[in-house]
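The residues making up each chain are set out below.
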Amino acid sequence: MTHSTSTSATSSAGSTPYVTDVGKYGDPDFAAPGPARRRSPLRRVRDWLSAVVFTVPALALFGMLVLVPMGYAIYVSFFNWGGFGSPSDSVGLDNYTRLFKDPVFLGDLGRGALLIGFSILVQLPFALAMAVLLNQKLRGRAVYRMLFFAPYILSEVITGVLFSMIFAPGEGLADKVLDKVGLSGLGGDWFAGQHSVLPTLFIVMTWKYFGFHMMLYLAGLQGIPAELQEAARIDGAGTWQRFWHITLPLLAPTLRISAFLSVVYSIQLFDLVWVITTGGPDHASETMAISMVQYGFKRYQMGYASALSVVMFLISLVFALAYQRFVLRRDTEGAITTMRGNR
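Residues numbered from 1 in each chain as written. Predicted model: local features only at pLDDT ≥ 70, side-chain atom pairs only at ≥ 80, totals over all residues. Heavy atoms only, no water.

With respect to the confidence of the model for the protein
In this model, the protein carries an average pLDDT of 85, and 85% of its residues clear a pLDDT of 70 or more. Contacts for the low-pLDDT stretch residues 1–32, under 50 throughout, to residues beyond four places or in other chains number 36 contacts. (pLDDT = per-residue confidence, 0-100. Contact = heavy atoms within 4.5 Å.)

Looking at the pattern of salt bridges
The final tally for this structure, using the stated rule, is four salt bridges. Between aspartate 47 and arginine 43 there is a salt bridge, with its nearest N and O atoms 3.6 Å apart. In this pair, aspartate 47 and arginine 43 both sit in helix α1 (residues 41–76), four residues apart, roughly one turn of the helix. Here aspartate 47 falls in the partly exposed class, since its relative accessible area comes to 29%. Given a relative accessible area of 28%, arginine 43 falls into the partly exposed group. Lysine 208 is the partner of glutamate 156 in a salt bridge, and the nearest nitrogen-oxygen pair spans 3.9 Å. Note that glutamate 156 is positioned in helix α5 (residues 156–166) and lysine 208 in helix α7 (residues 197–222), a separation of 52 residues in sequence. (Salt bridge = Lys/Arg side-chain N within 4 Å of Asp/Glu carboxyl O. Helix = DSSP H or I, 4+ residues; strand = E, 2+ residues; numbered from the N terminus. Buried < 20%, exposed > 50% of the residue type's maximum accessible area, 1.4 Å probe, protein only.)

Some details on empty space enclosed by the protein
Picture a little ball the size of a water molecule; that probe, rolled over the atoms, points out where space is still empty. By the definition in use, this model includes two cavities of 30 Å³ or more. Estimates place the volume of the second largest cavity at around 30 Å³. Put simply, the parts of the chain that give the lining of the second largest cavity at least two residues each are α3 (103–134) and α9 (239–267). In the lining of the second largest cavity, the residues fall into two nonpolar, three polar and one charged. (1 Å grid on protein atoms, 1.4 Å probe; cavity = no way out; pocket = protein on both sides within 12 Å on 5 of 7 lines; lining within 4 Å. Points joined across faces, edges and corners; volume = space filled by probe spheres on them. Nonpolar A, V, L, I, M, F, W, Y, C, P; charged D, E, K, R; others polar.)

Quick look at the layout of surface pockets
The volume enclosed by the largest pocket comes to roughly 590 Å³. As for the largest pocket, its lining consists of 18 residues, and the residues nearest its centre are Asn135, Gln136, Gln229, Arg233 and Thr247. For the lining of the largest pocket, the secondary structure elements donating two or more residues are α4 (141–153), α7, α8 (226–234) and α9. By residue number, the principal contributor to the lining of the largest pocket is α9, which donates five residues. Looking at the lining of the largest pocket residue by residue, the class counts come to six nonpolar, six polar and six charged.

Laid out in C-alpha coordinates, this is it:
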(Lines give C-alpha, C1' and ligand atoms only; values in the text may rest on other atoms or scores of the structure.)
Protein backbone atom coordinates (compact mmCIF):
# COMPACT_ATOMS: atom_id res chain seq x y z
CA MET A 1 0.00 0.00 0.00
CA THR A 2 1.26 3.47 -0.92
CA HIS A 3 0.40 6.75 0.65
CA SER A 4 0.51 10.38 -0.48
CA THR A 5 2.72 12.51 1.65
CA SER A 6 1.35 15.83 2.79
CA THR A 7 2.62 18.55 5.04
CA SER A 8 0.62 21.20 6.76
CA ALA A 9 1.43 24.54 8.27
CA THR A 10 -0.61 26.82 10.41
CA SER A 11 -0.78 30.53 9.91
CA SER A 12 0.39 32.87 12.62
CA ALA A 13 -3.23 33.19 13.76
CA GLY A 14 -3.26 29.46 14.24
CA SER A 15 -6.65 28.99 12.62
CA THR A 16 -6.20 28.23 8.90
CA PRO A 17 -3.94 25.37 7.85
CA TYR A 18 -2.07 25.55 4.54
CA VAL A 19 -1.71 22.16 2.89
CA THR A 20 0.67 21.16 0.15
CA ASP A 21 0.35 17.75 -1.41
CA VAL A 22 3.36 16.23 -3.15
CA GLY A 23 0.96 13.87 -4.88
CA LYS A 24 0.57 10.26 -5.74
CA TYR A 25 3.60 8.02 -5.26
CA GLY A 26 5.53 11.02 -3.93
CA ASP A 27 6.04 12.41 -7.46
CA PRO A 28 6.00 16.23 -7.61
CA ASP A 29 4.68 16.02 -11.19
CA PHE A 30 1.41 14.68 -9.77
CA ALA A 31 1.00 17.46 -7.21
CA ALA A 32 -2.50 18.69 -6.58
CA PRO A 33 -3.45 21.74 -8.64
CA GLY A 34 -3.13 25.10 -6.96
CA PRO A 35 -1.50 28.50 -7.21
CA ALA A 36 1.82 27.17 -5.88
CA ARG A 37 2.07 24.26 -8.33
CA ARG A 38 5.16 24.37 -10.56
CA ARG A 39 6.57 21.79 -12.92
CA SER A 40 9.95 20.33 -12.11
CA PRO A 41 12.95 21.41 -14.27
CA LEU A 42 13.29 17.87 -15.57
CA ARG A 43 9.67 17.87 -16.71
CA ARG A 44 10.11 21.23 -18.47
CA VAL A 45 13.21 20.00 -20.33
CA ARG A 46 11.41 16.81 -21.31
CA ASP A 47 8.42 18.76 -22.65
CA TRP A 48 10.70 21.09 -24.61
CA LEU A 49 12.61 18.18 -26.17
CA SER A 50 9.34 16.45 -27.10
CA ALA A 51 8.11 19.61 -28.80
CA VAL A 52 11.36 19.93 -30.76
CA VAL A 53 11.35 16.27 -31.86
CA PHE A 54 7.79 16.47 -33.16
CA THR A 55 7.87 19.93 -34.76
CA VAL A 56 11.30 20.06 -36.45
CA PRO A 57 10.53 17.40 -39.12
CA ALA A 58 7.18 19.03 -39.89
CA LEU A 59 8.77 22.49 -40.08
CA ALA A 60 11.55 21.15 -42.32
CA LEU A 61 9.03 19.64 -44.75
CA PHE A 62 6.93 22.81 -44.66
CA GLY A 63 10.01 24.89 -45.40
CA MET A 64 11.17 22.72 -48.30
CA LEU A 65 7.75 22.20 -49.90
CA VAL A 66 6.10 25.57 -49.18
CA LEU A 67 8.41 28.35 -48.02
CA VAL A 68 11.31 27.72 -50.42
CA PRO A 69 9.10 27.47 -53.57
CA MET A 70 7.15 30.51 -52.40
CA GLY A 71 10.30 32.53 -51.88
CA TYR A 72 11.65 31.46 -55.27
CA ALA A 73 8.38 32.43 -56.98
CA ILE A 74 8.57 35.88 -55.38
CA TYR A 75 12.18 36.21 -56.55
CA VAL A 76 11.41 35.10 -60.12
CA SER A 77 8.44 37.47 -60.34
CA PHE A 78 10.89 40.39 -60.62
CA PHE A 79 12.49 38.97 -63.79
CA ASN A 80 11.59 38.55 -67.42
CA TRP A 81 12.37 34.84 -67.46
CA GLY A 82 11.28 32.07 -69.80
CA GLY A 83 12.01 29.16 -67.47
CA PHE A 84 15.38 28.09 -68.89
CA GLY A 85 18.71 28.91 -67.31
CA SER A 86 19.01 31.37 -64.47
CA PRO A 87 16.87 34.52 -64.18
CA SER A 88 19.01 37.48 -65.26
CA ASP A 89 16.77 40.07 -66.94
CA SER A 90 15.46 42.04 -63.97
CA VAL A 91 12.34 44.09 -64.68
CA GLY A 92 11.47 45.24 -61.16
CA LEU A 93 7.73 45.60 -60.66
CA ASP A 94 6.90 45.56 -64.37
CA ASN A 95 5.28 42.12 -64.15
CA TYR A 96 2.94 43.36 -61.45
CA THR A 97 2.02 46.58 -63.24
CA ARG A 98 1.41 44.60 -66.42
CA LEU A 99 -0.73 42.16 -64.46
CA PHE A 100 -3.24 44.77 -63.33
CA LYS A 101 -3.52 46.12 -66.87
CA ASP A 102 -4.07 42.69 -68.37
CA PRO A 103 -7.75 42.26 -69.40
CA VAL A 104 -7.40 38.49 -69.05
CA PHE A 105 -6.34 38.75 -65.41
CA LEU A 106 -9.01 41.35 -64.66
CA GLY A 107 -11.50 38.99 -66.25
CA ASP A 108 -10.19 36.19 -64.04
CA LEU A 109 -10.93 38.32 -60.98
CA GLY A 110 -14.47 38.97 -62.18
CA ARG A 111 -15.10 35.32 -62.98
CA GLY A 112 -13.71 34.28 -59.61
CA ALA A 113 -16.02 36.73 -57.83
CA LEU A 114 -18.95 35.37 -59.86
CA LEU A 115 -18.14 31.77 -58.88
CA ILE A 116 -17.84 32.83 -55.23
CA GLY A 117 -21.25 34.46 -55.42
CA PHE A 118 -22.77 31.36 -57.02
CA SER A 119 -21.26 29.17 -54.32
CA ILE A 120 -22.39 31.28 -51.36
CA LEU A 121 -25.87 32.06 -52.66
CA VAL A 122 -26.78 28.79 -54.39
CA GLN A 123 -24.52 25.85 -53.60
CA LEU A 124 -24.29 26.24 -49.83
CA PRO A 125 -28.02 26.91 -49.24
CA PHE A 126 -28.80 23.85 -51.38
CA ALA A 127 -26.37 21.76 -49.30
CA LEU A 128 -27.93 23.09 -46.09
CA ALA A 129 -31.45 22.24 -47.28
CA MET A 130 -30.39 18.68 -48.14
CA ALA A 131 -28.64 18.32 -44.77
CA VAL A 132 -31.74 19.46 -42.87
CA LEU A 133 -33.87 17.05 -44.91
CA LEU A 134 -31.55 14.09 -44.39
CA ASN A 135 -31.29 14.86 -40.67
CA GLN A 136 -34.94 13.87 -40.32
CA LYS A 137 -36.11 10.33 -39.66
CA LEU A 138 -36.45 9.11 -43.24
CA ARG A 139 -36.43 5.57 -44.49
CA GLY A 140 -33.13 4.87 -46.25
CA ARG A 141 -31.54 8.17 -45.30
CA ALA A 142 -28.13 6.51 -44.94
CA VAL A 143 -28.35 5.47 -48.60
CA TYR A 144 -29.27 9.01 -49.65
CA ARG A 145 -26.35 10.41 -47.66
CA MET A 146 -23.99 8.00 -49.36
CA LEU A 147 -25.34 8.81 -52.83
CA PHE A 148 -25.10 12.56 -52.32
CA PHE A 149 -21.59 12.35 -50.88
CA ALA A 150 -20.31 9.93 -53.54
CA PRO A 151 -19.55 12.62 -56.21
CA TYR A 152 -17.08 14.28 -53.83
CA ILE A 153 -15.05 11.06 -53.74
CA LEU A 154 -14.59 11.06 -57.52
CA SER A 155 -11.47 12.76 -58.81
CA GLU A 156 -11.79 16.03 -60.70
CA VAL A 157 -10.42 14.36 -63.85
CA ILE A 158 -13.13 11.68 -63.83
CA THR A 159 -15.80 14.31 -63.14
CA GLY A 160 -14.52 16.53 -65.94
CA VAL A 161 -14.44 13.74 -68.52
CA LEU A 162 -17.88 12.51 -67.45
CA PHE A 163 -19.58 15.90 -67.80
CA SER A 164 -17.72 16.69 -71.02
CA MET A 165 -19.58 13.73 -72.50
CA ILE A 166 -22.89 14.58 -70.80
CA PHE A 167 -22.84 18.18 -72.08
CA ALA A 168 -21.41 17.45 -75.52
CA PRO A 169 -23.37 19.69 -77.94
CA GLY A 170 -25.96 17.71 -79.88
CA GLU A 171 -24.69 14.27 -78.90
CA GLY A 172 -24.55 14.49 -75.13
CA LEU A 173 -27.01 13.02 -72.66
CA ALA A 174 -28.21 16.48 -71.57
CA ASP A 175 -29.29 17.49 -75.10
CA LYS A 176 -30.96 14.14 -75.76
CA VAL A 177 -32.97 14.31 -72.53
CA LEU A 178 -34.08 17.87 -73.26
CA ASP A 179 -35.05 16.84 -76.77
CA LYS A 180 -37.15 13.95 -75.46
CA VAL A 181 -39.14 16.23 -73.12
CA GLY A 182 -39.64 18.90 -75.76
CA LEU A 183 -37.16 21.42 -74.36
CA SER A 184 -34.49 21.15 -77.02
CA GLY A 185 -34.26 24.93 -77.17
CA LEU A 186 -32.62 24.97 -73.73
CA GLY A 187 -29.70 22.84 -74.89
CA GLY A 188 -26.96 23.66 -77.31
CA ASP A 189 -23.58 25.20 -76.56
CA TRP A 190 -23.10 24.29 -72.89
CA PHE A 191 -19.30 24.43 -72.47
CA ALA A 192 -18.79 25.80 -75.98
CA GLY A 193 -20.66 29.10 -75.51
CA GLN A 194 -19.13 32.17 -73.90
CA HIS A 195 -22.30 32.98 -71.98
CA SER A 196 -23.26 29.40 -71.08
CA VAL A 197 -19.90 27.97 -70.01
CA LEU A 198 -19.78 29.46 -66.49
CA PRO A 199 -23.34 28.46 -65.49
CA THR A 200 -22.72 24.96 -66.85
CA LEU A 201 -19.44 24.74 -64.96
CA PHE A 202 -21.21 25.80 -61.81
CA ILE A 203 -23.74 23.00 -62.25
CA VAL A 204 -20.83 20.56 -62.38
CA MET A 205 -19.17 22.17 -59.35
CA THR A 206 -22.39 21.98 -57.36
CA TRP A 207 -22.87 18.31 -58.23
CA LYS A 208 -19.27 17.59 -57.28
CA TYR A 209 -18.92 19.53 -54.02
CA PHE A 210 -22.31 20.05 -52.41
CA GLY A 211 -22.10 16.61 -50.77
CA PHE A 212 -18.99 17.69 -48.84
CA HIS A 213 -20.75 20.74 -47.41
CA MET A 214 -23.87 18.67 -46.75
CA MET A 215 -21.86 16.28 -44.59
CA LEU A 216 -20.35 19.21 -42.68
CA TYR A 217 -23.83 20.53 -41.97
CA LEU A 218 -25.10 17.08 -40.98
CA ALA A 219 -22.28 16.80 -38.44
CA GLY A 220 -23.22 20.20 -37.06
CA LEU A 221 -26.93 19.36 -36.93
CA GLN A 222 -26.30 16.17 -35.01
CA GLY A 223 -24.44 18.19 -32.39
CA ILE A 224 -27.54 20.25 -31.60
CA PRO A 225 -29.33 18.83 -28.53
CA ALA A 226 -32.70 17.33 -29.40
CA GLU A 227 -34.07 18.68 -26.10
CA LEU A 228 -33.93 22.23 -27.46
CA GLN A 229 -36.03 21.32 -30.47
CA GLU A 230 -38.48 19.42 -28.31
CA ALA A 231 -38.82 22.29 -25.82
CA ALA A 232 -39.47 24.75 -28.66
CA ARG A 233 -42.05 22.41 -30.15
CA ILE A 234 -43.84 22.16 -26.81
CA ASP A 235 -43.84 25.96 -26.55
CA GLY A 236 -45.67 26.11 -29.86
CA ALA A 237 -42.80 27.06 -32.22
CA GLY A 238 -43.35 25.98 -35.82
CA THR A 239 -40.84 24.28 -38.10
CA TRP A 240 -39.56 27.52 -39.60
CA GLN A 241 -39.32 29.22 -36.20
CA ARG A 242 -37.32 26.34 -34.77
CA PHE A 243 -34.99 26.40 -37.75
CA TRP A 244 -34.52 30.19 -37.67
CA HIS A 245 -34.14 30.64 -33.91
CA ILE A 246 -32.48 27.36 -32.83
CA THR A 247 -30.96 25.39 -35.69
CA LEU A 248 -29.41 28.23 -37.66
CA PRO A 249 -27.73 30.05 -34.72
CA LEU A 250 -26.28 26.81 -33.32
CA LEU A 251 -25.10 25.79 -36.79
CA ALA A 252 -23.47 29.17 -37.45
CA PRO A 253 -19.85 28.08 -36.70
CA THR A 254 -20.16 25.23 -39.20
CA LEU A 255 -21.69 27.56 -41.78
CA ARG A 256 -18.82 30.01 -41.40
CA ILE A 257 -16.19 27.31 -41.91
CA SER A 258 -18.08 25.94 -44.91
CA ALA A 259 -18.28 29.40 -46.51
CA PHE A 260 -14.55 29.94 -45.91
CA LEU A 261 -13.62 26.66 -47.63
CA SER A 262 -15.94 27.42 -50.53
CA VAL A 263 -14.45 30.87 -51.14
CA VAL A 264 -10.83 29.67 -50.95
CA TYR A 265 -11.58 26.82 -53.37
CA SER A 266 -13.25 29.22 -55.81
CA ILE A 267 -10.19 31.49 -55.74
CA GLN A 268 -7.83 28.59 -56.44
CA LEU A 269 -10.08 26.64 -58.83
CA PHE A 270 -8.03 24.86 -61.49
CA ASP A 271 -8.29 21.12 -62.11
CA LEU A 272 -11.98 20.75 -62.89
CA VAL A 273 -12.01 23.68 -65.31
CA TRP A 274 -8.74 22.61 -66.91
CA VAL A 275 -10.05 19.14 -67.72
CA ILE A 276 -13.36 20.39 -69.15
CA THR A 277 -12.60 23.65 -70.98
CA THR A 278 -8.90 24.55 -70.47
CA GLY A 279 -10.18 28.06 -69.80
CA GLY A 280 -12.05 28.48 -73.09
CA PRO A 281 -13.80 29.49 -75.13
CA ASP A 282 -11.87 32.75 -75.53
CA HIS A 283 -10.98 32.96 -71.81
CA ALA A 284 -14.68 32.74 -70.85
CA SER A 285 -14.05 30.12 -68.16
CA GLU A 286 -10.47 30.97 -67.30
CA THR A 287 -9.44 31.33 -63.65
CA MET A 288 -6.32 32.81 -62.08
CA ALA A 289 -4.76 29.37 -61.65
CA ILE A 290 -5.39 28.48 -65.30
CA SER A 291 -3.92 31.80 -66.46
CA MET A 292 -0.85 31.07 -64.37
CA VAL A 293 -0.35 27.70 -66.07
CA GLN A 294 -1.06 29.14 -69.52
CA TYR A 295 1.51 31.92 -69.14
CA GLY A 296 4.10 29.77 -67.40
CA PHE A 297 4.02 26.45 -69.25
CA LYS A 298 2.38 27.33 -72.57
CA ARG A 299 3.90 30.75 -73.31
CA TYR A 300 7.09 30.33 -71.26
CA GLN A 301 6.63 33.60 -69.35
CA MET A 302 7.66 32.25 -65.96
CA GLY A 303 8.33 35.65 -64.44
CA TYR A 304 4.86 36.90 -65.30
CA ALA A 305 3.25 33.64 -64.18
CA SER A 306 5.14 33.88 -60.89
CA ALA A 307 3.84 37.40 -60.34
CA LEU A 308 0.33 36.09 -60.95
CA SER A 309 0.87 33.28 -58.44
CA VAL A 310 2.11 35.78 -55.83
CA VAL A 311 -0.97 37.97 -56.31
CA MET A 312 -3.25 34.93 -56.06
CA PHE A 313 -1.52 33.91 -52.84
CA LEU A 314 -1.86 37.41 -51.41
CA ILE A 315 -5.57 37.52 -52.26
CA SER A 316 -6.10 34.20 -50.47
CA LEU A 317 -3.96 35.28 -47.52
CA VAL A 318 -5.67 38.64 -47.07
CA PHE A 319 -9.08 37.01 -47.30
CA ALA A 320 -8.12 34.29 -44.79
CA LEU A 321 -6.73 36.80 -42.28
CA ALA A 322 -9.67 39.18 -42.64
CA TYR A 323 -12.17 36.32 -42.40
CA GLN A 324 -10.52 35.00 -39.26
CA ARG A 325 -10.33 38.48 -37.75
CA PHE A 326 -13.88 39.61 -38.42
CA VAL A 327 -15.93 36.43 -38.96
CA LEU A 328 -14.27 33.56 -37.11
CA ARG A 329 -13.10 35.66 -34.16
CA ARG A 330 -15.82 34.50 -31.76
CA ASP A 331 -15.30 30.84 -32.72
CA THR A 332 -11.53 30.94 -32.26
CA GLU A 333 -11.76 32.89 -29.00
CA GLY A 334 -14.18 30.30 -27.63
CA ALA A 335 -11.83 27.48 -28.60
CA ILE A 336 -8.81 29.18 -27.03
CA THR A 337 -10.74 29.91 -23.85
CA THR A 338 -11.82 26.28 -23.62
CA MET A 339 -8.26 25.05 -24.14
CA ARG A 340 -6.94 27.35 -21.43
CA GLY A 341 -9.65 26.24 -19.06
CA ASN A 342 -8.73 22.60 -19.58
CA ARG A 343 -5.05 23.08 -18.76
